[in-house]
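So you can see what is in the structure, the chains are spelled out below.
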Amino acid sequence: MHTPSASLPGGTWTLGDLTVTRFGYGAMQLAGPRVMGPPADRDGALAVLREAAGLGITHIDTADAYGPHITNRLIREALHPYPDSLHIVTKVGATRDEQGGWPPAREPDELRRAVAENLENLGLDTLDVVNLRLGDARGPVPGSLAEAFGTLVDLRRQGLIRHLGVSNATAEQVAEARSIAPIVCVQNMYNLAHRHDDDLIDELAEQGVAYVPFFPLGGFTPLQSSALTAVATRLDATPMSVALAWLLRRSPNILLIPGTSSVTHLRENVAGAGLPLSDEDLAELDEIGR
């Protein structure tokens, strides 16, 4: 029996004129090792995508750099033609090299090519949301985004993009983007142990802009905290469940996109994010990243 989207943890949020479930799915892990090449279990990857849609998830996060091209083609095979309720958020601004690195690709021609490849591999005429990825693999890097973001604004005027966002951005870059054109989301690294964007999250919440934490469970280095373990033990839950549930409680504009290549793990993430946390639990957890 599939869970309707209304009963997913956290309810829904609007990205511009698009309603999405606050509990979404991040597709990065569907590619092969180091996000390169095809998955070892292709049928399993397709099954995860179909299960996500079947659970009522209406927010899938991806990028054509994953694989590269692999993840978007899997999404298309598993879910196309897409239901009207399903919204795919992608990102541009980085490519892949043979060493598995993420060199920037933010020149106008590179961005136009990336948008075209996303459209082709996803099988779409218009991309619902495109995030401009800034910085590098180590994190945000200060500097103007005006030229790169302006290129995406032009592509939006042409009807190829519906809404814009930024990723791996400083607070100053978020403000600069918003001075050029409306954005519907900011996607940065954030979790219980990495709280550098606390002020930005609160500011965006007041402005109705979504904040989408990547690596909500720590990424390639899972979260480690004695306080997190203590709360999880008290609740007879996993630390990862507690971490997801805390994020949904942290602010109403936070959208979750935990990734997995396992149907079982996907279901566990959905159940975990709905874990009830008491005021005592929240106070204890709130001290972790301070």
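Please read all numbers here as calculations on a predicted model, not as lab measurements.

Student: Even after reading the chapter, I still don't get the pattern of salt bridges, so can you show me in this structure?
Tutor: Here the idea is simple: oppositely charged side chains can pair when their charged atoms come close. For the structure shown, the criterion picks out 13 salt bridges. The shortest N-O distance in the salt bridge between R234 and E284 comes to 3.1 Å. With a gap of 50 residues between them, R234 in helix α7 (residues 226-235) and E284 in helix α10 (residues 279-286) connect regions that are remote in the sequence. Judged by relative accessible area, E284 falls into the partly exposed class, the value being 27%. One network of salt bridges, in which partners are shared, links R195, D198, D202, R250 and D286.

Student: Explain the environment of N72 here, please?
Tutor: Turning to its location among the elements, N72 is positioned in helix α2 (residues 70-79). With 35 residues separating them along the chain, N72 and E107 place their C-alpha atoms 22 Å apart. The residues touching N72, leaving out its near neighbours within four places in the chain, are T62, A63, D64, N118, N121 and L122.

Student: Sorry, what's going on with the environment of E98 here?
Tutor: Inspection of the secondary structure puts E98 in the loop between β5 (87-92) and α3 (108-122). Between the C-alpha atom of E98 and that of M36, which follows or precedes it by 62 residues, the distance is 9.2 Å.

Student: Got a minute to help me understand the pairing of strand β7 (residues 161-167) in this structure?
Tutor: When a strand is regular, its side chains alternate between the sheet's two faces. Of all the 7 residues making up β7, 6 are buried; the element is thus mostly covered by neighbouring parts of the structure. Sheet analysis places strand β6 (residues 127-133) next to β7, joined by 6 bridges and oriented parallel. Its bridge partner lying in β7, L132 is registered against V166. Handedness of the β6-helix α4 (residues 146-157)-β7 crossover: right-handed. With 3 bridges joining them, β7 and strand β8 (residues 185-189) adopt parallel strand pairing. Residue S167 lies in a different strand from β8, and its bridge partner there is Q187. Taken together, β7, helix α5 (residues 171-180) and β8 form a β-α-β motif whose crossover is right-handed.

Student: Just to check I follow, could you spell out the packing of aromatic side chains for this structure?
Tutor: Aromatic ring pairs: the centre-centre distance and the angle between the two ring planes describe each pair. For the structure shown, the criterion picks out 4 aromatic pairs. Aromatic pair Y66 and W102: ring centres 6.1 Å apart, planes at 85°, arrangement edge-to-face. Taken together, the residues span a long stretch of sequence, with Y66 in the loop between β4 (59-61) and α2 and W102 in the loop between β5 and α3 at a distance of 36 residues. Here W102 falls in the partly exposed class, since its relative accessible area comes to 22%. For the ring pair F214 and F215, a centre distance of 5.4 Å and an interplane angle of 85° mean the geometry is edge-to-face. What makes F215 partly exposed here is its relative accessible area of 24%. Taken together, the ring pairs in this structure connect Y190, Y211 and W246 into an aromatic cluster. The ring of W102 carries R96 above its face, with NZ or CZ at 3.7 Å from the centroid.

Definitions and limits used
Residues numbered from 1 in each chain as written. Predicted model: local features only at pLDDT ≥ 70, side-chain atom pairs only at ≥ 80, totals over all residues. Heavy atoms only, no water. Salt bridge = Lys/Arg side-chain N within 4 Å of Asp/Glu carboxyl O. Helix = DSSP H or I, 4+ residues; strand = E, 2+ residues; numbered from the N terminus. Buried < 20%, exposed > 50% of the residue type's maximum accessible area, 1.4 Å probe, protein only. Contact = heavy atoms within 4.5 Å. Pairing = 2+ DSSP bridges. Right-handed = clockwise from strand over helix to strand, strands pointing away. Phe/Tyr/Trp six-rings, centres within 6.5 Å; stacked < 30°, edge-to-face > 60°. Lys NZ or Arg CZ within 6 Å of the ring centre and 35° of its normal.

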